[in-house]
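# Observations on the three-dimensional arrangement
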Amino acid sequence: MRTPAADPVLSAHGVSFAFGAHRVLDDVGMEISPGEFTALVGPNGAGKSTLLRIVLGLLAPQKGRVELFGSPPRRLPARWRLGYVPQRPRLAPDLPATVEEVVAAGRLAKQGWWRRARPADRDAVAHALESVALDGLRAQRVAELSGGQQQRVLIAKALVSEPELLILDEPIAGVDAQAQRLFRDSLVHLLREHGAAVLLVSHELGAVADDLDRVVVLRRRVLFDGKPVDLAATGVSLGVHRDDLPRWLEELSENGGS
Amino acid sequence: MPGMPWPLPWPFDTTYMQLALIAGVAVGASAPLIGTFLVQKRLSLLGDGIGHVAVAGVGAGLLFGTSPTWTALVVAVVAALALEWLRSRGRTSGDLALALFFYGGIAAGVVLAGRSTTNTNLQPYLFGSILTVTEGDVYTIVALGALIIASIVLTRRALLAVVLDEDASRVAGIPVGALNALLAALTAVTVASAMRVTGVLLIAALMVLPVATSRVAARSFRATTVGAAVVGVVAVVVGLAAARQWALAAGGAIVLVTLALFAAASIAAPLRKSRAPDDAASLLSGPG
């Protein structure tokens, strides 16, 4: 289906960014191929969120260049190819919208924001709800769901445009182990069924560590970019102080050493 | 209008009550539609603020002898767009800049109206005077109401997406800035159209209170929006009837009915189950 030499869905070259005198990103480069499951990890304050906002086109890089599907993020013609799951559910506790209405809002990138939903759009909403195991709660007010369920609503909202690249920002922060397993199942389902590339930005990856194709470790610069096993093998010799490593990274390196 | 008074039952059996009914229903149905989005964006008092600014437009209309509705519309739309621009740039410390606009608007309105040589004063525009609307007023109010309803019907999906998450909407290619400006401009249009019904000082009540009422019972955003419009229309009809029966100020009566409906809905609302169903339960119905 996909050729190994396919054009990258995301490429970043020489990206630098500073807030005033505080340099957050320094000559950062990375590429993601179609269908690849990549994790971007790094300690708090490593520049993950800034890089993410640049990739999404919400922030312009001061130096360097980012392309999504060969276009600058802000000029990407087919916006539905990019799916985005924000960091925490920012849903107001008094929001009177249903699960289905929130997910349908994610379909607008494909359906056209001024257009009525067609049968294909309604099918896509139903399918996205199924793939995150929330089809039983479609008419429920989203504000009445648990944190983990709300997170899956937002994943379904991003999936419903059938994106070719899904970017998730800290999706499993603060949700319990069972919710993490459900989240992992949803992602694996997306990877297998749709062949979409996934970029997961996180500092804890316990639930998905075994499914990753690639890990990029960021702390202002890219410290490591490769397979998880290679990271385990090199472990702490990357020049990262042990205290700065995300928790899962420590676990990986310990497992690799034993 | 042709054939008025139409054969309607009391209290709408006279021409002036029928004109008031048409104008009131147009405003009662359209103002809460805007309110649904304002409430969710935490901008409940924007309508109130723009109402204050509109007073300057009324004053200018009285001074220059043109229709105060149209001058108020122009001033309110310009002010609403300026406020939205300041808000989106993060240039305002919210409160203070808004206060400058609002009190500036009222003060300018009072000064301009004071210079006017006609006998008309600001009172009917501040508190409404729906029982004195003319046929021309009714055409204007209905046209503005239709404009508001059509705009919301066309953009409601995108407006909901913006309400849910502005960043995600930008990523999805939805014109967030233009939609926010549209909502601000429509708020100003609502103020101008409702000026003769509730008056600029009470218009925000008709945008916000029906939404608060409808939200108590509605299960979806769509139901909240439609329900708010229904509450708005009911409040206008009951308020007008009460005003006729007991010779009340109609604008104030309509707003008091809205408040009563909110109180009734809050008390009557059954105890909704607030606990979210278990993840395990939802898992059974999905492929997992």
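For the structure, see preceding data.
Residues numbered from 1 in each chain as written. Chains lettered and ligands numbered in written order. Predicted model: local features only at pLDDT ≥ 70, side-chain atom pairs only at ≥ 80, totals over all residues.

### Comments concerning the overall build of chain B
On a plain count of helices and strands, chain B comes out with 12 helices and 0 strands. The helix and strand sequence of chain B, counted from the amino end, reads α-α-α-α-α-α-α-α-α-α-α-α. Taken over the C-alpha trace, chain B has a radius of gyration of 20 Å; the compact-globule value for 288 residues is 19 Å, and the two agree within 12%. Each principal axis of the C-alpha distribution contributes one length, and for chain B these read about 75 × 50 × 30 Å. Per-residue burial over chain B gives 52% buried out of 288 residues. Across chain B, the fraction of contacts at a sequence separation of at least 24, relative to all contacts at a separation of at least 6, is 73%. (Helix = DSSP H or I, 4+ residues; strand = E, 2+ residues; numbered from the N terminus. Rg over C-alpha atoms; globule rule 2.2 N^0.38 Å. Buried ≥ 20, exposed ≤ 12 C-beta atoms within 10 Å, placed from the backbone. Contact = placed C-beta atoms within 7 Å.)

### A word on the overall build of chain A
Of regular secondary structure, chain A possesses 8 helices and 9 strands. Residue burial in chain A is summarised as follows: out of 258 residues, 48% are buried. Sequence separation of 24 or more characterises 71% of the internal contacts of chain A that already satisfy a separation of 6 or more.

### A closer look at the pairing of strand 1 (residues 10-19) of chain A
All names here are of chain A. By the bridge criterion, 7 bridges tie strand 1 to strand 2 (residues 22-32) in an arrangement that is antiparallel. Residue pairing in the sheet places Ala12 in a bridge with Met30 of strand 2. Remark: 2 residues form the turn of the hairpin made by strand 1 and strand 2, two consecutive strands paired antiparallel; Gly20 in that turn has positive phi of roughly 65°. Across 5 bridges, strand 1 lies against strand 4 (residues 63-68) in antiparallel orientation. When the bridges of strand 4 are listed, His13 appears paired with Arg65. (Pairing = 2+ DSSP bridges.)

### With respect to the sheet that holds strand 5 (residues 82-85) of chain A
Residue and element names in this part refer to chain A. Pairing is mixed across the open sheet formed by 6 strands, whose spatial order is 5-6-7-3-8-9. In this open sheet, the two strands that pair with only one neighbour each are strand 5 and strand 9 (221-226). The average undirected angle you get between the axes of adjacent strands in this sheet is 15°. (Axes fitted to C-alpha atoms, helices over the stretch in contact; angles between N-to-C directions.)

### Re helix 1 (residues 48-56) of chain A
Counting buried residues along helix 1 of chain A, 7 of its 9 residues qualify, which places the element largely inside the surrounding structure. Taken together, the buried positions of helix 1 of chain A are occupied by Lys48, Thr50, Leu51, Leu52, Ile54, Val55 and Leu56 of chain A.

### Observations concerning unusual backbone geometry
Here the bond from Met4 of chain B into Pro5 of chain B is cis, since omega is 0°, no more than 30 degrees from zero. With an omega dihedral of 5°, the bond running from Trp10 of chain B to Pro11 of chain B counts as a cis peptide bond. Tracing the backbone through its elements, the reader meets Pro11 of chain B in the segment before helix 1 (15-40). Of note in this structure, Asp27 of chain A is not a glycine but carries a positive phi near 55°. With respect to the helices, strands and loops of the structure, Asp27 of chain A is situated in strand 2. Residue classification places Asp27 of chain A among the partly exposed positions, given that 13 C-beta atoms sit within 10 Å. In this structure, Ala247 of chain B is a non-glycine residue whose phi angle is positive, near 55°.

### Regarding the pairing of strand 9 of chain A
All names here are of chain A. Direction of pairing for strand 8 (residues 214-219) relative to strand 9: antiparallel, over a ladder of 5 bridges. Among the inter-strand pairings, Arg219 is bridged to a residue of strand 9, identified as Arg221. In this antiparallel pair of consecutive strands, strand 8 and strand 9, the connection spans 1 residue, and Arg220 shows a positive phi of 70°.

### Remarks on the packing of helix 9 (residues 203-217) of chain B against helix 11 (residues 250-268) of chain B
All names here are of chain B. Close contact between helix 9 and helix 11 brings their axes to 9 Å; oriented N to C, the two are set at 15°. As far as their axial angle goes, helix 11 and helix 9 are roughly parallel. Helix-helix and strand crossings are classified by hand; for helix 9 and helix 11 the assignment is left-handed. Touching Ala205, Leu206, Leu209, Pro210, Ala212, Thr213, Val216 and Ala217 of helix 9 are Val255, Thr258, Leu259, Leu261, Phe262, Ala265 and Ser266, all from helix 11. (Parallel < 35°, antiparallel > 145°, perpendicular 65-115°, else oblique. Left-handed = near helix turned anticlockwise from the far one by under 90°.)

### Considerations on the interface of chain A and chain B
Taken together, the contact between chain A and chain B spans 37 residues of the former and 33 residues of the latter. Secondary structure elements with two or more residues in the side of chain A that touches chain B: strand 5, helix 2 (99-105), helix 3 (108-111), helix 5 (147-159) and helix 6 (177-194) of chain A. At 4 residues, helix 6 of chain A tops the list of elements feeding residues into the side of chain A that touches chain B. Residues of the side of chain A that touches chain B, tallied by class, amount to 22 nonpolar, 7 polar and 8 charged. (Nonpolar A, V, L, I, M, F, W, Y, C, P; charged D, E, K, R; others polar.)

### Concerning the packing of helix 3 (residues 68-88) of chain B against helix 8 (residues 176-194) of chain B
Residues and elements named next belong to chain B. Remark: helix 3 packs on helix 8, axes separated minimally by 8 Å, with the N-to-C direction vectors making an angle of 150°. By the angle between their axes, helix 3 is roughly antiparallel relative to helix 8. Helix 8 is crossed by helix 3, and the crossing has right-handed handedness. Across the interface between the two elements, Thr69, Ala72, Leu73, Ala76, Val77, Ala80, Leu81, Leu83, Glu84 and Ser88 of helix 3 pack against Gly177, Asn180, Ala181, Ala184, Ala185, Thr187, Ala188, Val189, Val191 and Ala192 of helix 8. In terms of residue class, the contact of helix 3 with helix 8 is made up of 14 nonpolar, 5 polar and 1 charged.

### As for the sheet that holds strand 2 of chain A
All names here are of chain A. Here 3 strands make up an open sheet; going across it, the order is 2-1-4 and the pairing antiparallel. This sheet does not close on itself; its edge strands, each paired only once, are strand 2 and strand 4. Mean inter-strand twist for the sheet, computed between neighbouring axes without regard to direction, equals 20°.

### Quick word on the nonpolar core
Where a protein is soluble and globular, its nonpolar side chains tend to be buried together. In this structure, Leu165 of chain A together with Ala23, Ala54 and Ala76 of chain B are the most contacted members of the largest nonpolar core, which totals 171 residues. Ranked by residue count, the leading element in this core is helix 1 of chain B, at 15 residues. Among all residues touching Ala23 of chain B, those that are not within four sequence positions of it are Ile130, Val133, Asp137, Val138, Ile141, Arg196 and Val197 of chain B. (Core = buried A, V, L, I, M, F, W, Y, C linked by C-beta atoms within 7 Å.)

### Digging into the environment of Asp123 of chain A
Along the polypeptide, Asp123 of chain A turns up in helix 4 (residues 119-131). Measuring from C-alpha to C-alpha, the distance between Asp123 of chain A and Leu137 of chain A comes to 16 Å, with 14 residues separating the pair along the chain.

### Concerning the environment of Lys157 of chain A
All names here are of chain A. On the secondary structure map, Lys157 appears in helix 5. Taking the C-alpha atoms as reference points, Lys157 and His22, 135 residues apart in sequence, are found 35 Å from one another. Ignoring sequence-local partners within four residues, the contact set of Lys157 consists of Val102, Val103, Ala105 and Gly106.

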